[in-house]
Every structure is written in C-alpha cells, then in structure tokens.
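Results of the structural survey
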Amino acid sequence: MRMLLLTAGLVTFGAFRPAAAQLAPDTALYNRLGGVYAIATVVDDFIERLLVNNTLNANPRLAEARARVPKAGLKFQVAALVCQVTGGPCTYTGRTMKASHAHLNINEEQWQAMLADFRATLNKFSVPAKEQGELIGIVQSTKPDIVIAR
Ligand code: HEM
C-alpha cells in the first residue's frame, strides 16, 4: 500500500496498522490517501485554513459558528465522513450536509473560497492529481446541499 500523504513526517505504521483499516482494498481512495492518520492530517490543515479565511468570516453566521463549534469536534466529524466515503472503516455519525449547513447561508463566493483552501491543503501534502480530482469530486457532490439557492 502506498502512503501518499505521509510526507509531513507522520509515522508509517506498517504491520502495526489496525486490522480494521485493512478491510478496504488497496484500490480504495481511503488507502491511496494513506488511511485515517493521513486523512485526519489533511482535514486538520484544511479546517485551520477555513477558520482564518476572511471571505468565510465575513459571513456573520460562519463567524458565529466559528466561536460556538469546538474545532476539534468539527475536525473529527469531517475526518470520519471523509474516511467513510473514501471506502475506509469509519462510520460517520454526524448530521446530513443539508442539516448541518442550512443555517449558515453559504454563498457561491464562500464555496469558492473553501475550494481554494482545500486545494492549498492538498498541494501542501503533495496529494497526486488523480486523488485530488476524486476528493474534489466528492466535495463538489455536496454543493447542492450546502450552498444556498439564490
Ligand atoms: C464553504 C463550505 C463550508 C463551510 C463554510 C462549512 C462550515 C461548517 C460549519 C460552520 C459547521 C458547523 C455548523 C454547526 O454546527 O452549526 C460545519 C459542519 C460540518 N461540515 Fe461543513 N462547511 C462547508 C463545507 C463542507 C463540506 C464540503 C463538507 C464535506 C464534504 C462538510 C462537512 C461538514 C461536517 C461533517 C460537519 C459536522 C456535522 C455535524 O456536526 O453533525 N462541510 N461546516
């Protein structure tokens, strides 16, 4: 199995990887990304960028959520979701994308700002173009549930 995202100095667990993580075939995006430690590292960097993004914080609902929602919990939920939808052994237990974003009034400009931060994170960890394309496809598939209709 390749460990594509572990260039940031994380540990490669080799034979000590938990058995559950081996349920996904090597072809699963989850494994090509390097498993849950790599995914959590990417999510951590991504959410740190979002929290200081001025385009997002200009939206008062997002500024309010930034103060109210513990970032560690948000990172956990997003990492579990990404782990699950990429074929990993996690079970996402959070709300639907519609239920968790409807009150946030996220517009197209804010969506594009989020995507720019996401790409910056993926590039920082040298995620290859193929895997970047698959991840951005997953994110884009949620857009109708997250961006408010004008
Ligand atoms: C511009 C885009 C986005 C912004 C600004 C944003 C912001 C937020 C905020 C502020 C919350 C907390 C809401 C609350 O508890 O009141 C949240 C929750 C969440 N977001 Fe996003 N989000 C965006 C896109 C996405 C995308 C693309 C995904 C996944 C593909 C995602 C996954 C989640 C998850 C899993 C939660 C937690 C749900 C729960 O706690 O039950 N978000 N988001």
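What this report covers is the structure whose coordinates are included nearby. (Residues numbered from 1 in each chain as written. Predicted model: local features only at pLDDT ≥ 70, side-chain atom pairs only at ≥ 80, totals over all residues.)

Ranked by internal contacts, the top residues of the largest apolar core, which has 18 residues, are I39, V42, V43, V78, A79, V82 and C83. For this core, the element with the highest residue contribution is helix α2 (residues 35–51), accounting for 7 residues. (Core = buried A, V, L, I, M, F, W, Y, C linked by C-beta atoms within 7 Å. Buried ≥ 20, exposed ≤ 12 C-beta atoms within 10 Å, placed from the backbone. Helix = DSSP H or I, 4+ residues; strand = E, 2+ residues; numbered from the N terminus.)

A word on the site of the ligand. The environment of the ligand is made up of 20 residues, and the closest members are A65, G94, R95, S100 and M114. If you list the elements that add at least two residues to the shell around the ligand, you get α4 (60–68), α5 (71–85), α6 (97–101) and α7 (108–124). Its residues assigned to classes, the shell around the ligand comprises 13 nonpolar, 6 polar and 1 charged. (Near = placed C-beta within 6 Å. Nonpolar A, V, L, I, M, F, W, Y, C, P; charged D, E, K, R; others polar.)

What follows is about unusual backbone geometry. Unlike most non-glycine residues, N105 shows phi in positive territory, near 55°. Of note, N105 is situated in the loop between α6 and α7. In the Ramachandran plot, S126 falls in the positive-phi region, its phi being about 55° despite a non-glycine side chain. Within the fold, S126 resides in the loop between α7 and α8 (129–141). Residue classification places S126 among the exposed residues on the basis of 12 C-beta atoms within 10 Å.

The terminal C-alpha atoms of α5, which comprises 15 residues, lie 21 Å apart, in line with the 21 Å expected from a rise of 1.5 Å per residue. Every buried residue belonging to α5 is among V78, A79, A80, L81, V82 and C83, and all of these are buried. Packing partners of the buried residues in α5 comprise α1 (29–33) and α2. Among the residues trailing α5, G87 stands out with phi positive, at a value near 100°. (Expected span 1.5 Å × (residues − 1). Contact = placed C-beta atoms within 7 Å.)

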